[in-house]
Amino acid sequence: MRFLKVLFWLLLGGLVAGFVIYNGDERVNVHLWSGLIADFSLPLLLILVFLAGLLPALLAYHALRWRMRQRITGLERALADVRAINTMPEPVVVTPEPTAPQAALPLGDAQ
């Protein structure tokens with residue numbers, strides 16, 4: 001699987017390099033506010049726009065992963081607590097040994 005990942009990134013890098021080589025001298029005018037005009041090279045502009053679109057999705061993805069890891073950690077902790085409670089030995093109930101009944105003294109004979 002790692003080989004496919006590396007192959008994908010190499011192909012993507014080759015496509016970007018080919019695009020930059022083929023269109024490296026193309027200039028694009030971007031009209032900004034108040035009559036300002038920015039002059040960009042086409043490959044740089046496309047890479048910046050791609051990264052500007054990728055960044056919010058990447059941040060949302062990492063926030064979701066962080067939140068899910070926190071939830072899983074909390075659930076694992078709760079499960080460990082439940083397992084610890086269930087594996088505790090039963091408390092030993094000590095019952096007193098029965099003793100021989102003592103003879104009751106009559107109330108009037110107490111000396």
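Since we're looking at a predicted model, the values are computed, not measured.

## Regarding unusual backbone geometry
If you check the backbone angles, Ser34 has positive phi at about 55° while not being a glycine. For Ser34, the location among the structural elements is in the loop between β1 (27–31) and β2 (37–41).

## Here's the deal with the layout of surface pockets
Looking at the largest pocket, its volume works out to about 170 Å³. Those elements giving two or more residues to the lining of the largest pocket turn out to be α1 (2–23) and α2 (42–86). For the lining of the largest pocket, the element with the most residues is α1, which contributes 5 residues. Split into classes, the residues belonging to the lining of the largest pocket amount to 9 nonpolar, no polar and no charged.

## Describing the pairing of β2
Bridging between β1 and β2 involves 5 bridges; their strand directions are antiparallel. When the bridges of β2 are listed, His31 appears paired with Ile37. Linking two consecutive strands that pair antiparallel, namely β1 and β2, is a turn of 5 residues; a positive phi of about 55° is found at Ser34 within it.

## A short note on the pattern of salt bridges
Inspection of every chain in the model, using the stated rule, returns 1 salt bridge. Between Asp39 and Arg27 there is a salt bridge; the shortest N-O distance is 3.4 Å. You can see Asp39 sitting in strand β2 and its partner Arg27 sitting in strand β1, a full 12 residues away along the chain.

## Looking at the packing of aromatic side chains
Under the definition given, this model contains 1 aromatic pair. Taking 5.2 Å as the distance between ring centres and 70° as the angle between the ring planes, the aromatic pair formed by Phe8 and Trp9 counts as edge-to-face. Residue classification places Phe8 among the partly exposed positions, given a relative accessible area of 46%.

## Points about the environment of Ser41
As for its placement among the helices and strands, Ser41 is situated in strand β2. Along the backbone, Ser41 and Val20 are 21 residues apart, and their C-alpha atoms lie at a distance of 9.5 Å. With sequence-adjacent residues up to four places away left out, Ser41 is seen in contact with Gly24, Glu26 and Arg27.

## Here's the deal with α2
Taking 1.5 Å of rise per residue, 45 residues should cover 66 Å, and α2 covers 66 Å from first to last C-alpha, within 8% of that figure. Maximal helix bending in α2 amounts to about 25°, located at Leu54; proline Pro56 follows within four positions.

## Side note on the packing of α1 against α2
Between α1 and α2, the shortest axis-to-axis distance is 8 Å and the interhelical angle comes to 145°. In contact with Val16, Phe19, Val20 and Asn23 of α1, α2 contributes Leu42, Pro43, Leu46 and Ile47. For the contact of α1 with α2, a count of residues per class yields 7 nonpolar, 1 polar and no charged.

What counts and how
Residues numbered from 1 in each chain as written. Predicted model: local features only at pLDDT ≥ 70, side-chain atom pairs only at ≥ 80, totals over all residues. Heavy atoms only, no water. Helix = DSSP H or I, 4+ residues; strand = E, 2+ residues; numbered from the N terminus. 1 Å grid on protein atoms, 1.4 Å probe; cavity = no way out; pocket = protein on both sides within 12 Å on 5 of 7 lines; lining within 4 Å. Points joined across faces, edges and corners; volume = space filled by probe spheres on them. Nonpolar A, V, L, I, M, F, W, Y, C, P; charged D, E, K, R; others polar. Pairing = 2+ DSSP bridges. Salt bridge = Lys/Arg side-chain N within 4 Å of Asp/Glu carboxyl O. Phe/Tyr/Trp six-rings, centres within 6.5 Å; stacked < 30°, edge-to-face > 60°. Buried < 20%, exposed > 50% of the residue type's maximum accessible area, 1.4 Å probe, protein only. Contact = heavy atoms within 4.5 Å. Expected span 1.5 Å × (residues − 1). Bend = angle between axes of the 7 residues up to and from the residue. Axes fitted to C-alpha atoms, helices over the stretch in contact; angles between N-to-C directions.

Worth remembering: the numbers are spatial, not functional.
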